[in-house]
Amino acid sequence: MYLPSFRLENKKAVVTGAGRGIGRALAIGLAEAGADVSLLSRTQEDLEDTAKYVRELGREALVIPTDVTKREDIQKSVQTIVEKWGKIDILINNAGMNIRSKALEVTEEEWNKIMDTNLKSAFMMSQEVGKIMKETETNGKIISVSSVAGTVALRTGVVYAATKAAMIQMTKVLAMEWGPYNINVNSIGPWYFKTPLTEKLLADPEYLSDILSVTPLNRVGELPELVGPAVFLASEAGSYVTGQTLFVDGGMTIKGF
Ligand SMILES: NC(=O)c1ccc[n+]([C@@H]2O[C@H](COP(=O)([O-])OP(=O)(O)OC[C@H]3O[C@@H](n4cnc5c(N)ncnc54)[C@H](OP(=O)(O)O)[C@@H]3O)[C@@H](O)[C@H]2O)c1
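What you see as residue numbers is a count from 1 along each chain, following the sequence as written. Local features are withheld for residues below a pLDDT of 70 in this predicted model, meaning they are given only at 70 or higher, and side-chain atom pairs are given and counted only at 80 or more; totals for whole chains, interfaces and linings count all residues. Computation of side-chain values: all heavy atoms of the structure, hydrogens and water removed.

- Looking at an unreviewed UniProt entry, one finds the chain named Glucose 1-dehydrogenase and attributed to Robertmurraya kyonggiensis.
- UniProt positions are given in the numbering used here, feature names are shortened, and annotations may be inferred rather than shown by experiment. The chain has a UniProt comment under Sequence similarities (unreviewed entry) that states "Belongs to the short-chain dehydrogenases/reductases (SDR) family."

Shown next, in the form of structure tokens:
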């Protein structure tokens, strides 16, 4: 027998930004693969909606309102999860936002907000959950949602790009440091997927046409197309993959002209 398991039964997962968009899709997808899921973001109602889908699948959902830019909030939430479950097997760092100012107009406040939400939060979550994974020897899997914007210069704005590039590098260093504890650390780099973050942009025919002109598959992604790669990295099927960023991008990052 050669095929390792892609299933996640008995696994306990934490997903940040699980209230909508990509985070909601990943939380439900992990539950479909068998995991129980803790749902973190600031808006309880959104999390309750995601929880409904998870519970319909017969999996446990913990709704834990958390501002992931605040260490105290993170510590409290991780403590609640560990008291309930005793372990965490999978962490998805997905919470993120953007303000698309041109470089000359970026304010210090914008810089701090984007950095804290996209990058510092993922580091603090990884630190707090990484400690638990190390102590409980769960062969933990940490997966951060970076972006094509972390490797290719796009019109997304310089601060967003810097957070995602840093996330890709942070993934490599954490993978190196935590490999000895059997913790796999990887990232998924999406190109365009329709979510509340991107729907306005994608509704602009000119912008959409620019996007498709550099996308070999000639379409934007569908949310289930991110779930497959995430489940692969979260399961035993991906157990020898660490420090990598898997671009889920319809071929965008390999296209020349
Ligand atoms: N959509 C795309 O095409 C695309 C492409 C590349 C990368 N990404 C990345 O994928 C991730 C998800 O994007 P999305 O499109 O699904 O965005 P979205 O629809 O705007 O969802 C973002 C989620 O993050 C949560 N969040 C934001 N700030 C938070 C905070 N301080 N504390 C806790 N949760 C917070 C939001 O909940 P609350 O506001 O309720 O807290 C929400 O649940 C982001 O990291 C984004 O950069 C997206």
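Still more to cover.
1. Quick look at the side chain of Ser126
Here is step 1: Under the DSSP-based scheme used, a helix requires at least four consecutive residues in state H or I and a strand at least two consecutive residues in state E, with every element numbered from the N terminus. Examined against the element boundaries, Ser126 turns out to sit in helix H4 (residues 108-136).
Here is step 2: In contact with Ser126, other than residues within four places in its own chain, are Leu91, Asn93, Lys131, Ile142, Leu174 and Trp178. The criterion used for residue contact is that any of the two residues' heavy atoms lie within 4.5 Å.

2. Structural notes on the pattern of salt bridges
Here is step 1: For this analysis, a salt bridge means a side-chain nitrogen from Lys or Arg found within 4 Å of a carboxyl oxygen belonging to Asp or Glu. The final tally for this structure, using the stated rule, is 13 salt bridges.
Here is step 2: Glu60 is the partner of Lys84 in a salt bridge, and the nearest nitrogen-oxygen pair spans 3.8 Å. Taken as a pair, Lys84 in helix H3 (residues 71-85) and Glu60 in the loop between helix H2 (44-56) and strand S3 (61-65) lie far apart in primary sequence, 24 residues in all.
Here is step 3: Per-residue accessibility, obtained with a 1.4 Å probe over protein chains only, is compared with the maximum for each type, and a residue is labelled buried under 20%, exposed over 50%, and partly exposed between these values. Residue Glu60 is classed as partly exposed on the basis of its relative accessible area of 29%.
Here is step 4: As a salt-bridge pair, Glu236 and Lys141 come within 3.8 Å of each other at their nearest N and O atoms.

3. What about the sheet that holds strand S2 (residues 36-41)?
Here is step 1: Here, strands pair whenever DSSP counts at least two bridges between them. Taken together, the 7 strands give an open sheet; going across it, the order is S3-S2-S1-S4-S5-S6-S7, and neighbouring strands pair in parallel fashion. One side of each edge strand has no neighbouring strand; the edge strands of this open sheet are S3 and strand S7 (245-248). For this sheet, the mean inter-axis angle between neighbouring strands, taken without regard to orientation, is 15°.
Here is step 2: Of the strand pairs in this sheet, strand S5 (residues 141-145) and strand S6 (residues 184-190) are connected by 5 bridges, and their pairing is parallel. In the sheet register, Val145 faces S6, and the bridge partner there is Ile188. Axis angles are defined between N-to-C directions and span 0 to 180 degrees, where every axis is a line fitted to C-alpha atoms and, for a helix, only to the segment in contact.

4. Brief notes about the nonpolar core
Here is step 1: Residues grouped as a nonpolar core are buried Ala, Val, Leu, Ile, Met, Phe, Trp, Tyr and Cys residues, joined through side-chain atoms within 4.5 Å. Grouped together as the largest cluster of nonpolar side chains are 32 residues, with contacts concentrated most on Leu8, Leu26, Leu30, Val37, Leu39 and Ile92.
Here is step 2: Counting residues per element, the ones that place at least two in this core are strand S1 (12-16), helix H1 (21-32), S2, H2, strand S4 (90-93), S5 and helix H8 (224-234).
Here is step 3: Here this core takes 7 residues from H1, the largest share from any one element.
Here is step 4: Apart from residues lying up to four places away in sequence, Val37 is in contact with Ala13, Val15, Ala27, Leu30, Ala31, Val54, Glu60, Ala61, Leu62 and Trp85.
Here is step 5: Met124, Leu174, Ile183 and Val185 belong to the second-largest nonpolar core, a separate cluster that totals 31 residues.

5. Remarks on the environment of Gly17
Here is step 1: As for its position among the elements, Gly17 is in the loop between S1 and H1.
Here is step 2: Given a relative accessible area of 17%, Gly17 falls into the buried group.
Here is step 3: On a C-alpha basis, the gap between Gly17 and Asn94 in space is 5.6 Å, while along the polypeptide they are 77 residues apart.
Here is step 4: When sequence neighbours within four positions are dropped, the list of residues in contact with Gly17 reads Gly23, Arg24, Leu40, Ser41, Asn94 and Ala95.

6. Points about the packing of aromatic side chains
Here is step 1: Working definition: a ring pair exists when centres of Phe, Tyr or Trp rings (six-membered ring for Trp) sit within 6.5 Å. Plane angles under 30 degrees give stacked, over 60 give edge-to-face, the rest tilted. The final tally for this structure, using the stated rule, is 2 aromatic pairs.
Here is step 2: For the pair Trp191 and Tyr192, a centre-to-centre distance of 4.9 Å together with 70° between the ring planes defines the contact as edge-to-face. Summarising the burial analysis for this pair, Trp191 and Tyr192 share the class buried.
Here is step 3: Measuring from centroid to centroid gives 5.9 Å for Tyr192 and Tyr207, while their planes differ by 85°, and the two rings are edge-to-face. Placement of the pair is Tyr192 in the loop between S6 and helix H6 (199-202) and Tyr207 in helix H7 (residues 205-213), with a sequence separation of 15 residues.

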